[in-house]
Every structure is written in structure tokens, then in C-alpha cells.
Amino acid sequence: MRLPYAFLAIAALTALILIGCGGGDGDAPDTTSTLPAPTATTTTAPLVDVPGRPNAFADYPGVVGIYLTTAGPAVLGAPCLSALIDEWAMIEPGVPVAPEERCLVGNTDGDADQEVIVLFTVEAEDDFGMLSNVVVFDSTPDGYVVVYESFTPDQFEENSPQRIVAAEDLTGHGRGELVYTATTCGANTCWLRVNVVTGGTDDGTYSDLTPEDGILMEFADLTVEDLNGDGEQEIVLHGGVAGGNASGPQRTRTDVYGWIVGATLGLQETTFDSSDMLYFHIIEADAFFDEGNFAIAAQRYRDAIADQALVETGYHENELDELSAYAVFRIAASQIIEGDSEAAALALEQGLVDYAGTVNAGLIEAFQQGYAASDNYQGGCLAVLEHINTNLDDFQAFWAYGTSNPSFDPERVCPFSLVR
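All values reported here derive from a predicted model rather than from experimental measurement.

This paragraph deals with the overall build of the protein. The secondary structure content of the protein amounts to twelve helices and 15 strands. Burial analysis of the protein (420 residues in total) assigns 48% to the buried set. Surface exposure of the protein reaches about 19600 Å², of which carbon and sulfur atoms provide 52%.

Here you go:
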């Protein structure tokens, strides 16, 4: 983040622009500024002609600030700065950048004046990828000055340009925020990262409102909307499916980021899209079990086993029977915890008949024997853990569903801490 600065006298800088600006030769601009440090000034001489594109990427904001100051409201109608953006023909490979993603007029600091937010892009010096800079211009008595820039000298090259999303009061608290995105791509997957900042601070500098662990999702679509009608707009991401075979079976999801006491953003809710794979229904039942909602978990396991429309992921042989055997074990464990030992005994007996020969039937048998010997849940779980450790390779092989899914943890299969 860079602090505000005012600009050079228009007459002096016009000469510099004529000498130092290019824009028509197609060469990749330098990222080092060639202009002297600007000083405060006011101007009366209008300059409405579009200036040439500077050779140095770092000079783009300064030249545009002068252009905004001299041209005024005439260049701020939607889409703003359209003539300059067309003339400069900044790089945008892949999906084209929409006009409102290049230039947007809005309030990012909560004062009475609107700011102008502009996206600049340039081809990287090694001709691989690009660099982006989202810049906020604020109107002052000395003209338009830069109050925020996303670009930093150590910025990595990007496969896709950053994009402006919103510039308004998202919380309804009169502060004003800026939302913009950046995309990072690996060999098989691209991640969308959402950045949220505000200039509505006590000292007027721009503050980052993004959570410490970021707002990030694979191949995501982004919307900014008020989901619950409380006057605060949430950041909503939908996607989350990574590329590459190592990721395993996946399902898309929706992450909702909302405001914590109206100040910063935090993840409020994650909702997975429906899936016809039995594996994901078992994972959903596991979440209820792990949270201590045993009656709900047991019913979810029963529903999953009974649903004949659910299919295998294709990652393992005999997958439906293996997952069903595991579900029966968890149903019985839930019933023991809830105090229904008779129903648990019946479930264990039937599970051994229905799923004989599966790896996960070993959990049923071990729990049955351990519980019979100790007459308590802990004794059953101790037997299960011993059985898993004896046959660890088999369990790890079956429960390997790729990097996007939970890894096998013997301690979580029958956790002692859940006993009442």
C-alpha cells in the first residue's frame, strides 16, 4: 500500500509525457518509474486529449491522475476512462476484462466524494504472464491523487489479470470498501483470491479487511450480495474443484464470508452441492458424528446405505460394500453412546453378515468383541484401534481418496473422547 501523493504541475508534466510516453510500439513497458517525484499543485489549463501510454509501468498511475484532474467528469461516465483504456490497449489474455472491471467509480473511504478505481496491466518482462495493479484515485483540492495500489515490486507474474469487483459501502456502516480479485494458477488448478480493503480508517490510510488466511477458492465464481437482508453484503464464492488426478473425487461448494461485528471478514458458512456418490454422504454423516450429534449421524448413515441411487467414486473395488460396512460400525457406535446397546448388537450382527470379507467389516468385528469383553464403549474403541494398527496398510489404502478429501486418521475412527 502506498500513501497519497499529489501531482506535478500540468504544464511541466505534459512535456515529460510527450518525451517519455510510448503506447503504440507494442514493447513491454518497464516497471520502474522514470518520472521525478510529484509535488502538490492545482491546475487551470484543461487537458482532454488521451496521453500516450508510458514506457514504465510504475508511471501509469501518475499519468492517469493528471488526465483525471484535467479532464474531470467528462471521462467518468460509464464506462469510465473508456477512451484511455481503448487507446492504451493494455494486455488481457484469456477471458477479456469487462469495462467495469477496468475502471469503476465508487466510494471506498466513506467520505462525500467518490473515488476512481482503475486496473492497469502490463506484459511481464520475460514475456510470460503479466503484472496487474488496481489503483484508487481520490479527488483532492490538488487534483486526483493515488491513495491505494495493489502492485508491489515483488509481485509474482499472473496468468490472468486482477479484476475490480465492487467499490461501495458493503456493510451499511458508512465506511466504503473496495473488492478486487487476483488469480494464481498451478499446473492443473487456478485459485481465485478475493481482496477487500477500505480507506475509511481514522488516519485515512487503506486497511486490509481480508481474513488472515485469505479468501481463496479453486476455479471459483464470485458474487457480492446481501444474502439475509441485514444490509451487509457478503462475499460469496462457488466452485472449489481442483484439477489433476491426485485430487480425488470432488464436489463443488459455496463459501460465504460475512462481516465480524461489521469490521473484518470471516468464513460464515460452507455448503457443498449435492452428489450422487455414496462416499460424500458418508463424509457428511461423519461430520455429525464428530460434532457429537449421534442420533442425526446414525440416521444419515442409514439413509446413505438405503439409497440405491448412490454410486461409487471408482477409486476402489467393492467400494459400496466397504463404505456400508463402515457406516454400520458407526451406527452401532452411535447407539452405544446413546445407550441403546440392544439395537447396537443387532446392527453389528447384521453388518457381519451383509459385508463379510470387507476391510471395514473388521471394524464391526473388533468393536463387537471389545464391547462384549468390557461392556463399555471405550473397550470397543480400544479393540478397534488395535485392529486398525495391525492392518494399517489395508485401511490406509482403502481410505485414500485423493488430496482434496480427508486423510485416514486411526484416532478418529472410534474416538474415546466422545463417550459420555
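Note on aromatic pairs: each is described by the distance of the centres and the angle between the planes. Evaluation of the coordinates by the stated rule reveals 21 aromatic pairs. Judged by centre distance (5.7 Å) and plane angle (75°), the rings of Phe 329 and Phe 367 are edge-to-face. With Phe 329 in helix H7 (residues 319-337) and Phe 367 in helix H9 (residues 361-374), this residue pair connects regions lying 38 residues apart in the sequence. The interplanar angle of 90° and the centroid separation of 5.9 Å between the aromatic rings of Phe 398 and Tyr 401 together place this pair among those described as edge-to-face.

Let us look at the sheet that holds strand S3 (residues 103-106). Taken together, the four strands give an open sheet; going across it, the order is S3-S4-S5-S6, and neighbouring strands pair in antiparallel fashion. Of all strands in the sheet, those with a lone pairing partner are S3 and strand S6 (143-149), marking the two edges. Strand after strand, the sheet turns through a mean of 30° between neighbouring axes, direction not considered.

Applying the stated criterion across every chain, the model contains ten salt bridges. Among the ionic pairs, Arg 300 bridges to Glu 284, the shortest N-O distance being 3.9 Å. One end of the pair, Arg 300, is in helix H6 (residues 294-306); the other, Glu 284, is in helix H5 (residues 278-290), and 16 residues separate them in sequence. On the basis of relative accessibility, which here comes to 28%, the residue Glu 284 falls in the partly exposed class. The residue Arg 330 makes a salt bridge to Asp 286 at a minimum N-O spacing of 3.9 Å. In this pair, Arg 330 is assigned in helix H7 and Asp 286 in helix H5, connecting sequence segments 44 residues apart.

Moving on, we get to the side chain of Glu 158. Considering the arrangement of structural elements, one finds Glu 158 in the loop between S6 and strand S7 (160-168). It is Arg 193 that comes nearest to the buried, bridge-free Glu 158 among opposite-charge side chains, at 9.2 Å. When sequence neighbours within four positions are dropped, the list of residues in contact with Glu 158 reads Gly 129, Met 130, Leu 131, Ser 132, Ala 182 and Thr 183.

Our next topic: the packing of H5 against H6. The interhelical angle for the contact between H5 and H6, taken along N-to-C directions, is 170°, at an axis separation of 7 Å. Regarding the angle of H5 to H6, the classification is roughly antiparallel. Residues Leu 278, His 281, Ile 282, Glu 284, Ala 285, Asp 286, Phe 288 and Phe 289 of H5 form the contact with H6, whose participating residues are Phe 294, Ile 296, Ala 297, Arg 300, Tyr 301 and Ala 304. Among the residues forming the contact of H5 with H6, the class breakdown is ten nonpolar, one polar and three charged.

About the criteria used
- Counting of residues starts from 1 at the beginning of each chain's written sequence and follows it residue by residue.
- In view of the model being predicted, local features appear only for residues whose pLDDT reaches at least 70, and side-chain atom pairs are presented and counted only at 80 or more, with totals across whole chains, interfaces and linings using the full set of residues.
- Excluding hydrogens and water, the side-chain values take into account all heavy atoms of the structure.
- Numbering goes from the N terminus for both helices and strands, where a helix is a DSSP run of H or I of at least four residues and a strand is a run of E of at least two.
- Each residue is assigned to one of three classes by its accessible area relative to the maximum for its type, calculated with a 1.4 Å probe on protein chains only: buried under 20%, partly exposed between the two thresholds, exposed over 50%.
- The Shrake-Rupley method, run with a 1.4 Å probe sphere, supplies the accessible areas, and residue values consider only the shown protein chains as cover.
- Aromatic contacts are taken between Phe, Tyr and Trp rings whose centres are within 6.5 Å, Trp giving its six-membered ring; a plane angle under 30 degrees counts as stacked, one over 60 as edge-to-face, and the others as tilted.
- At least two DSSP bridges between two strands are needed for those strands to be called paired.
- Lines fitted to C-alpha atoms define the axes here, with helix axes fitted over just the stretch in contact, and angles between the N-to-C directions of these axes take values from 0 to 180 degrees.
- A pairing counts as a salt bridge when a side-chain nitrogen of Lys or Arg comes within 4 Å of a carboxyl oxygen of Asp or Glu.
- Lys and Arg are tallied as positive, Asp and Glu as negative. Neither His nor the chain termini are counted.
- Residue contacts are counted whenever heavy atoms from the two residues lie within 4.5 Å of one another.
- Should an angle lie under 35 degrees it is considered roughly parallel, over 145 roughly antiparallel, and from 65 to 115 roughly perpendicular; all remaining angles are considered oblique.
- Three categories are distinguished: nonpolar for Ala, Val, Leu, Ile, Met, Phe, Trp, Tyr, Cys and Pro, charged for Asp, Glu, Lys and Arg, and polar for the others, with Gly belonging to the last.

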